[in-house]
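Examination of the molecular architecture
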Amino acid sequence: MSSTIMPKVNQHKEIFGHPVGLFILFFTEMWERFSYYGMRAILVLYLIASTAGDNPGLGWNNDDALSLYGTYTMLVYLMAIPGGWIADKFIGQKKSVLYGGIILVAGHAVLSIEEYWAFYSGLGLIILGVGMLKPNISTMVGGLYKKGDVRRDKGFTIFYIGINIGALLASIIVGYVGETYGWHYGFGLAAIGMTLGLIQYIVGQKYLKHIGNHIKKGTIGAIDTSKPLTKVEKDRVIVLILSFFLVIVFWGAFEQAGGLMNIYAMEKTDRILPFANFEIPASWFQSLNSFFIITLGTAVAGFWAHRKLKGKLSSSLFKMTMGLIIMGIGFFFMSGASAQYQADGSSAMYWLVFAYLFHTVGELCLSPVALSFITKLSPAKYASIMMGFYFAITGIGNKLAGLLGESASSYGEFNVFTGIAIFSIVVGGIILLIRPRIESLTHGAEDDDDEHTLADPITEGTENIIDKSHN
């Protein structure tokens, strides 16, 4: 009798033990990140490039370039709040991702035009497009899994690897084309990448029918938005807000990659390969982060899964805190690079390699886990907007990164890099001390992560939304 009531799990098409929809979203986000990180890899370099020469830029000074970089990346993620609100209130996540993708194609295409008006117009459209797409596609990934499905964290890790395949390809391809043939050719490649992602998303809609749909008020499964949050939901929101502080610190440090570390690679790092007589483009160093994520992502996820099976501490908050500490340690390598530059007038490339390695391991412990954590703790009626808040907090971290980068002109790179390392480690240590108290407010949200169930496409329109209030 039960089989006539609940469809069996094996009736859902899967790839590598995960729903096909995960890989539709995987490739959509991969191409979106290709476009975003491709533009990000060359943006600051384009701003500081001389207005004369074979590949002219805008001729800005470093401080102004880092200021705009921080403001731009902040606004990109702050727009995730209205993007999530629009999805929750009016059109659902699925259509929000579609509209965001269309706006992004237009934004990157406009940015490729060699006119000053096109530069700011393109950035504005990209800000709007990412705001519509980013929080909602992540929420859709969470919607593929029911409460307690142990595959949820693994699914987000797979999704996160997709992000970084796009970022890896972007840093190498767009970075090389932008630095070698022309900045606007690089921006144009980003537009092509986003177009491919949009086409792939449209073609794969048949695998996403049961998630991301807007539930109109008054229909079966609609959520009563006027009903106040329960005590458990309020406590879980408090935990999310506290975890957002950790996220600000993390991204404020980590996003030196596109700013201060990018300029450092360009101006103060010996990038010559002696055996090949080839100078490595500065933007290529940003691909190290994506390379390490792709090669180490499953190993880090496996490490935490093994700890959980052994009954050792492996809660989301613990993982995120350890990620902050590990990332902080990585900045000591940048301190070493700065010390070598002060002594010799140049620094070796291996400092950047080791810094990116530690930053990446820290990111793998924090970022995909944070995405999954939000889908577990968010009240159902605020699912997308809470994801929007997460990305908005990431944006504040990006602006902080820009301010920290600017401060290097006054305090020097050595002091900035060392200060970031120490502060990150100290904050992480404080969070570890108060972690048990914070985790008690989750009311066992992660206690059921031992089932192997998949969201039912027939009932998911009501059941998945309701389940999220208990995740």
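Our subject is the structure listed above.
Please read all numbers here as calculations on a predicted model, not as lab measurements.

1. So, the overall build of the chain
Helix and strand content of the chain: 15 helices and 4 strands. Taken across its 471 residues, the chain has 58% of its residues classed as buried. Of the contacts formed within the chain by residues at least 6 apart in sequence, a portion of 83% connects residues at least 24 apart. Carbon together with sulfur atoms contributes 66% to the accessible area of the chain, which is approximately 19000 Å² in total.

2. As for the environment of Gly-297
Tracing the sequence through the fold places Gly-297 in helix α10 (residues 287–309). Exposure remark for Gly-297: the relative accessible area of 2% places this residue in the buried category. In this structure the C-alpha to C-alpha distance between Gly-297 and Leu-364, which are 67 residues apart in sequence, comes to 6.5 Å. In contact with Gly-297, not counting residues within four places along its chain, are Thr-157, Phe-292 and Leu-364.

3. Some remarks on the environment of Leu-47
With respect to the helices and strands, Leu-47 occurs in helix α2 (residues 20–48). A relative accessible area of 0% means that Leu-47 is categorised as buried. Spatially, the C-alpha atom of Leu-47 lies 9.9 Å from that of Trp-183, the residues being 136 residues apart in sequence.

4. Here we look at a nonpolar patch on the surface
On the surface, a cluster of nonpolar side chains totalling about 650 Å² of accessible area is made up of Ile-329, Phe-332, Ile-422, Val-426, Ile-430, Leu-433 and Ile-434. Of all elements in the fold, only α11 (316–344) and α14 (413–440) reach the threshold of two or more residues within the nonpolar patch. Among the elements that line the nonpolar patch, the one with the most residues is α14, at 5 residues. Along the chain, the position of Val-426 falls in helix α14.

5. Section: the environment of Val-97
Mapped onto the elements, Val-97 comes out in helix α4 (residues 80–111). For the pair formed by Val-97 and Met-140, sequence separation is 43 residues and the distance between their alpha carbons is 9.6 Å.

6. Concerning unusual backbone geometry
Even without being glycine, His-443 reaches a positive phi, approximately 55°. Inspection of the secondary structure assignment puts His-443 in the loop between α14 and α15 (460–468). Since its relative accessible area comes to 38%, His-443 is described here as partly exposed.

7. Some remarks on the pattern of salt bridges
Tallying each qualifying case throughout the model produces 7 salt bridges. In this structure, Lys-134 engages Glu-29 in a salt bridge whose closest nitrogen and oxygen atoms are separated by 2.4 Å. Taken as a pair, Lys-134 in helix α5 (residues 116–143) and Glu-29 in helix α2 lie far apart in primary sequence, 105 residues in all. Residue Lys-134 is classed as buried on the basis of its relative accessible area, which comes to 6%. With a closest N to O distance of 2.6 Å, Lys-231 and Asp-235 form a salt bridge. Pair noted here: Lys-231 and Asp-235 are both in helix α8 (residues 231–254), with a separation of 4 residues, about one helical turn. Look at Lys-231 and you get exposed, because its relative accessible area is 57%. What makes Asp-235 buried here is its relative accessible area of 7%.

8. Examining the side chain of Ser-283
Mapping Ser-283 onto the fold places it in the loop between β4 (278–279) and α10. At 2.7 Å, the side chain of Ser-283 and the side chain of Glu-179 are in polar contact. The contacts of Ser-283, once residues within four sequence positions are left out, are Ala-41, Leu-45, Ser-171, Gly-175, Tyr-176, Glu-179 and Asn-262.

9. A closer look at the side chain of Arg-435
Along the chain, Arg-435 turns up in helix α14. Those residues in contact with Arg-435 that lie beyond four places of it in its chain are Leu-313, Ser-315, Leu-317 and Phe-318.

10. Regarding the packing of helix α3 (residues 62–78) against α5
Taken N-terminus to C-terminus, the directions of α3 and α5 make an angle of 35°; their axes are 8 Å apart at the nearest point. Contact residues: Leu-68, Tyr-72, Leu-75 and Val-76 in α3; Phe-119, Tyr-120, Leu-123, Ile-126, Ile-127, Val-130 and Gly-131 in α5. Taken together, the residues that form the contact of α3 with α5 break down as 10 nonpolar, 1 polar and no charged.

11. Description of α10
If you check α10, its first and last C-alpha atoms are 33 Å apart, about what 23 residues at 1.5 Å a residue would give, namely 33 Å. When the local axis directions of α10 are compared, the greatest deviation, roughly 55°, occurs at Leu-296. Buried positions along α10 lie against α6 (151–180), α8, α11 and α12 (349–377). Residue Gly-311 follows α10 closely and has a positive phi angle near 80°.

12. Quick look at the packing of α2 against α5
Any two packed helices are characterised by the angle at which their axes cross and by the distance between the axes. In contact at an axis separation of 11 Å, α2 and α5 are set at 150° when each is read in the N-to-C sense. One finds that α2 runs roughly antiparallel with respect to α5. Two packed elements cross with a definite hand, and for α2 against α5 that hand is left-handed. Mapping the contact onto sequence places Leu-22, Leu-25, Thr-28, Glu-29, Glu-32, Arg-33, Tyr-36, Met-39, Leu-43, Tyr-46 and Leu-47 in α2 and Phe-119, Leu-123, Ile-126, Val-130, Leu-133, Lys-134, Ile-137, Met-140 and Val-141 in α5.

Conventions we followed
Residues numbered from 1 in each chain as written. Predicted model: local features only at pLDDT ≥ 70, side-chain atom pairs only at ≥ 80, totals over all residues. Heavy atoms only, no water. Helix = DSSP H or I, 4+ residues; strand = E, 2+ residues; numbered from the N terminus. Buried < 20%, exposed > 50% of the residue type's maximum accessible area, 1.4 Å probe, protein only. Contact = heavy atoms within 4.5 Å. Areas by Shrake-Rupley, 256 points an atom, 1.4 Å probe, with all protein chains shown as cover. Patch = residues over 30% accessible without salt bridge, like charges linked within 9 Å, V, L, I, M, F, W, Y side chains within 5 Å. Salt bridge = Lys/Arg side-chain N within 4 Å of Asp/Glu carboxyl O. Polar contact = N/O pair within 3.5 Å; in protein donor to acceptor, adjacent residues only side chain to side chain. Axes fitted to C-alpha atoms, helices over the stretch in contact; angles between N-to-C directions. Nonpolar A, V, L, I, M, F, W, Y, C, P; charged D, E, K, R; others polar. Expected span 1.5 Å × (residues − 1). Bend = angle between axes of the 7 residues up to and from the residue. Parallel < 35°, antiparallel > 145°, perpendicular 65-115°, else oblique. Left-handed = near helix turned anticlockwise from the far one by under 90°.

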